[in-house]
Every structure is written in structure tokens, then in C-alpha cells.
Amino acid sequence: MDFLADCRTRLAFDLVANTWNPVVVWALREGPRRHVELRRAIGGISAKVLTETVRRLEFDGLVERREGAYALTPLGETLLEPIEGFGRWAAEHGDGVLAAQDRARPA
């Protein structure tokens, strides 16, 4: 399979490649949240970056504004299972990745 610019697989990879996209989607899994609530729930994200992220997710059809809060769309909800899979992988293999990084660092 080629990963061309308009390939659906590449589109999916692009959605999760941005550090904050899956974090915001995961933070919305339990229901709508206002901007300030999202920021508190995520931690480490600036207001500007959060705004850029939710706008990007709105553009992609994954998030919508409802009564002053952000919520997942039905399409956005379909991304929860793959994100959870990444989380399980990280829990199982994250130590191995960190160990490899430590070995690769110059002494």
C-alpha cells in the first residue's frame, strides 16, 4: 500500500500525529466540556494551543461546539477505540521505548 497524500490511512495517521489531537479527543470521552474545563483536565496545554486544537478537530469533523462547550461528534467518538489502543500499547511497551532511548543517548 502506498501512503500518498490523499490516502485514507495517511489521513488517519495525520489525525493522531499532532500531540494534542488525541489528548483532546480523549478528554472529551465522558461528555462536553468548556474550554477552561478542558484545559484543567489536560494540563500542560496553553489556552492558545487548546483553541488551535479544537478548531482543527472541528474542521476535521471530530468535535463540535454545543452550548458553549466542546463535544465529540459521532465521528469523533469512533476515534476513541484506536486512541485507547495506543494507550494500552504505551502502558505495555513504553518502558521498552524509554530504555531504548536511554541506550541511544551519548554517554
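The structure we're discussing is the one just above.
As the structure is a prediction and not an experimental result, all values here were calculated from the model.

Rules used in this analysis
Residues numbered from 1 in each chain as written. Predicted model: local features only at pLDDT ≥ 70, side-chain atom pairs only at ≥ 80, totals over all residues. Heavy atoms only, no water. Helix = DSSP H or I, 4+ residues; strand = E, 2+ residues; numbered from the N terminus. Buried < 20%, exposed > 50% of the residue type's maximum accessible area, 1.4 Å probe, protein only. Contact = heavy atoms within 4.5 Å. Lys, Arg positive; Asp, Glu negative; His and termini not counted. Charge placed at Lys NZ, Arg CZ, Asp CG, Glu CD. Salt bridge = Lys/Arg side-chain N within 4 Å of Asp/Glu carboxyl O. Polar contact = N/O pair within 3.5 Å; in protein donor to acceptor, adjacent residues only side chain to side chain. Axes fitted to C-alpha atoms, helices over the stretch in contact; angles between N-to-C directions. Parallel < 35°, antiparallel > 145°, perpendicular 65-115°, else oblique. Left-handed = near helix turned anticlockwise from the far one by under 90°. Core = buried A, V, L, I, M, F, W, Y, C linked by side-chain atoms within 4.5 Å.

Q: Explain the overall build of the protein chain here, please?
A: Counting its secondary structure elements, the protein chain contains six helices and two strands. Listed N to C, the secondary structure of the protein chain is α-α-α-α-β-β-α-α in terms of helices and strands. Burial analysis of the protein chain (107 residues in total) assigns 25% to the buried set. Put simply, 44% of the contacts in the protein chain that link residues at least 6 apart link residues at least 24 apart. Side-chain charges of the protein chain comprise 15 positive and 16 negative groups, with the mean position of each set lying 7 Å from the other.

Q: How should the pattern of salt bridges be read in this particular structure?
A: Pairing of side chains with opposite charge becomes possible as their charged atoms draw close. As enumerated under the stated definition, the model contains four salt bridges in all. A salt bridge links lysine 48 to glutamate 52, with the shortest nitrogen-to-oxygen separation between them at 3.7 Å. Remark: glutamate 52 and lysine 48 occur in helix 4 (residues 47-59); sequence separation between them is four residues, near one turn of the helix. Residue classification places lysine 48 among the exposed positions, given a relative accessible area of 60%. Of the residues examined, glutamate 52 reaches a relative accessible area of 39% and is grouped as partly exposed. Note that aspartate 102 and arginine 105 form a salt bridge whose closest N and O atoms lie 2.6 Å from each other. Taken individually, aspartate 102 and arginine 105 each receive the classification exposed, so the pair is uniform in this respect.

Q: Would you mind going over the side chain of asparagine 21 with me for this structure?
A: Looking at the element boundaries, asparagine 21 is found in helix 2 (residues 20-27). A polar side-chain atom of asparagine 21 sits 3.2 Å from a polar atom in the side chain of arginine 56. The contacts of asparagine 21, once residues within four sequence positions are left out, are Asp14, Leu15, Thr53, Arg56 and Leu57.

Q: Is there a simple way to think about the packing of helix 2 against helix 6 (residues 80-104) in this case?
A: Packed helix pairs are characterised by how far apart their axes lie and by the angle those axes make with each other. Between helix 2 and helix 6, whose axes approach to 10 Å, the crossing angle comes to 110 degrees. Classed by the angle they form, the pair helix 2 and helix 6 counts as roughly perpendicular. Helix 6 is crossed by helix 2, and the crossing has left-handed handedness. Listed contacts from helix 6 to Pro22, Val25 and Trp26 of helix 2 are Leu80, Ile83 and Glu84.

Q: I keep staring at the nonpolar core and nothing clicks. Help me out?
A: What tends to happen in soluble globular proteins is that the nonpolar side chains get buried as a cluster. Counting 18 residues, the largest nonpolar core has Val24, Val25, Leu28, Leu38, Ile42 and Leu50 as its most contacted members. Among the secondary structure elements, those contributing two or more residues to this core are helix 2, helix 3 (35-42), helix 4, strand 2 (69-72) and helix 6. For isoleucine 42, the residues in contact, after removing those within four places along its chain, are Trp20, Val23, Val24, Ala27 and Leu50.

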